[in-house]
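The chain contents come next:
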Amino acid sequence: MSESNTYVIPDYYDENLRIFRSAVDRFAEKECAPHTEEWRREGEIPRSIWRKAGEAGLLMASAPEEYGGGGASFAYEAAIIESFGLCGVHQFVLCVPNAVFGPYLFSLGTEAQKREWIPKLAAGEWIGAIAMSEPNTGSDLRGIKTTAVRDGNNYIINGQKTFTTLGYVADILMVACRVEGRTEIDKSSVSLFFVEADSPGFSRGRKLDKMGLEAHSTAELFFEDVRVPTDHLLGGAEGQGFAHLMTNLNQERLIVALEAMAMIDRAIRETTNYVKERKAFGQPIFDFQNTQFVLADCAAKATAARAFVDACVKRHLSDDLDAVTAAKAKYWLSELQGEIIDKCLQLFGGYGYINEYPISGMYRDARVSRIYGGTNEIMKLIIARSM
Ligand SMILES: Cc1cc2nc3c(=O)[nH]c(=O)nc-3n(C[C@H](O)[C@H](O)[C@H](O)COP(=O)(O)OP(=O)(O)OC[C@H]3O[C@@H](n4cnc5c(N)ncnc54)[C@H](O)[C@@H]3O)c2cc1C
């Protein structure tokens, strides 16, 4: 198990979860860690790795067993996120199909959809993604322009999405649309549809050239008269999109917090190892009081952050994580991630700026945590409204 200077196994781990976590660590270290830079360059994770992850039981871990999922709790998804983060394989973003896309399907999808799609996702044959943001709107989803028009037993979807994580490789997408022909009030509302990527009229644009997280295959998507059956409308009723999004947003924000936590622990571990080796003025960099003070400050904050994020996971496991606490976790952990990685990078000196050193990749990858999953400004609005 990947221990680090600040990392300790969370106290909600039982024996089964420890065994699972050890298997995930082995998978991450053997199958993924040696290839992460190659994946960055290629801008995606090979399908063969998705299939191996499926064989290893890492996909759809928390989906019901009767549909081919692992039947496990969110603690197992958290264990995967932590393991991958600590091993530096956060480029392999399987938490999106698993714990962001997955719950919409297995809690709100029809029986036929679950039977059709969960086994494919669990085997790594298919990849799921979520397409809400559009070129002109992200924070304010009421502004989305993609439309769905009812036509007999189908809806016809037209519009454009952007920033879709895994959008370039996804086989199935959950797409946020406005249903046309409704009243003004309903027009401002949103409905969610499952769209298969081989549907006529669906196409992908560029794989977006990003400053980090290159293997996430983030893409623009286009919908031109894409026909989907009416039972691809999530939950079966129009205008329920926001209500459905609310059911999963806490988990999505907790995932961003968990990813940030794992990267914080890894940054402190890598930096501590580096400064103990690297010498200046005849002594290890670690022996300068400044280095010790910086790392002590990072370690103390990481310990406090760990207590908070683990408490949030436990509350989520008891179905007791409220939206404000989830927003606080996403906001505070992602801000801390940026602060600590920046301080750690400084301790690497010039090598911190060189891409072959992992701290440089962490610096680039971390920046988006303050933007996606709801920007940190939106998180602060949610927090302030509760005060
Ligand atoms: C790498 C990456 C992956 C992503 N993955 C996905 C995905 O898989 N699916 C998906 O649907 N989207 C995804 N997104 C989109 C992401 O969720 C949005 O970028 C984010 O919600 C912000 O929306 P925006 O970019 O339109 O910014 P805008 O909404 O235009 O915001 C611009 C700025 O204004 C601020 N702002 C906006 N409203 C307010 C307000 N009321 N008060 C104060 N400040 C405000 C914002 O905080 C921000 O600083 C991804 C984005 C990135 C970069």
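Scroll up for the structure.
### Regarding the packing of helix 8 (residues 241-277) against helix 11 (residues 358-366)
Two packed helices can be described by the angle between their axes and the distance between those axes. Running from N to C, helix 8 and helix 11 point in directions that differ by 155 degrees, and their axes come no closer than 10 Å. By the angle between their directions, the pair helix 8 and helix 11 is classed as roughly antiparallel. At the point where helix 8 passes helix 11, the crossing takes the left-handed sense. Residues Met263, Ala267, Glu270 and Thr271 of helix 8 lie in contact with helix 11, whose contacting residues are Pro358, Ile359, Met362 and Ala366.

### A closer look at helix 11
Turning to helix 11, its buried residues number three or more, namely Ile359, Gly361, Met362, Tyr363, Asp365 and Ala366. Residues of helix 11 that are buried make contact with helix 8 and helix 10 (323-347).

### So, helix 4 (residues 74-86)
Over its 13 residues, helix 4 extends 18 Å from the first C-alpha to the last, a length consistent with the 18 Å expected when each residue adds 1.5 Å. A large share of helix 4 lies buried, amounting to twelve of its 13 residues. Listing the buried residues of helix 4 in full gives Ala75, Tyr76, Glu77, Ala78, Ala79, Ile80, Ile81, Glu82, Ser83, Phe84, Gly85 and Leu86. Buried residues along helix 4 sit in contact with helix 1 (15-32), helix 5 (95-108), helix 8 and helix 9 (289-317). Two residues or fewer after helix 4 comes glycine 88, characterised by a positive phi angle close to 75 degrees.

### Points about the site of the ligand
The full set close to the ligand counts 21 residues, and Met132, Gly138, Ser139, Thr375 and Glu377 are the nearest of them. Put simply, the parts of the chain that give the shell around the ligand at least two residues each are strand 1 (128-131), strand 3 (154-164) and helix 12 (376-385). With three residues, helix 12 is the single largest residue contributor to the shell around the ligand. Across the shell around the ligand, the residue classes tally to ten nonpolar, nine polar and two charged. Shared between two domains, the shell around the ligand takes at least three residues from each, and those domains are domain 2 (129-239) and domain 3 (243-385).

Rules of the game
Residues numbered from 1 in each chain as written. Predicted model: local features only at pLDDT ≥ 70, side-chain atom pairs only at ≥ 80, totals over all residues. Axes fitted to C-alpha atoms, helices over the stretch in contact; angles between N-to-C directions. Helix = DSSP H or I, 4+ residues; strand = E, 2+ residues; numbered from the N terminus. Parallel < 35°, antiparallel > 145°, perpendicular 65-115°, else oblique. Left-handed = near helix turned anticlockwise from the far one by under 90°. Contact = placed C-beta atoms within 7 Å. Buried ≥ 20, exposed ≤ 12 C-beta atoms within 10 Å, placed from the backbone. Expected span 1.5 Å × (residues − 1). Near = placed C-beta within 6 Å. Nonpolar A, V, L, I, M, F, W, Y, C, P; charged D, E, K, R; others polar. Domains from an automatic or database assignment.

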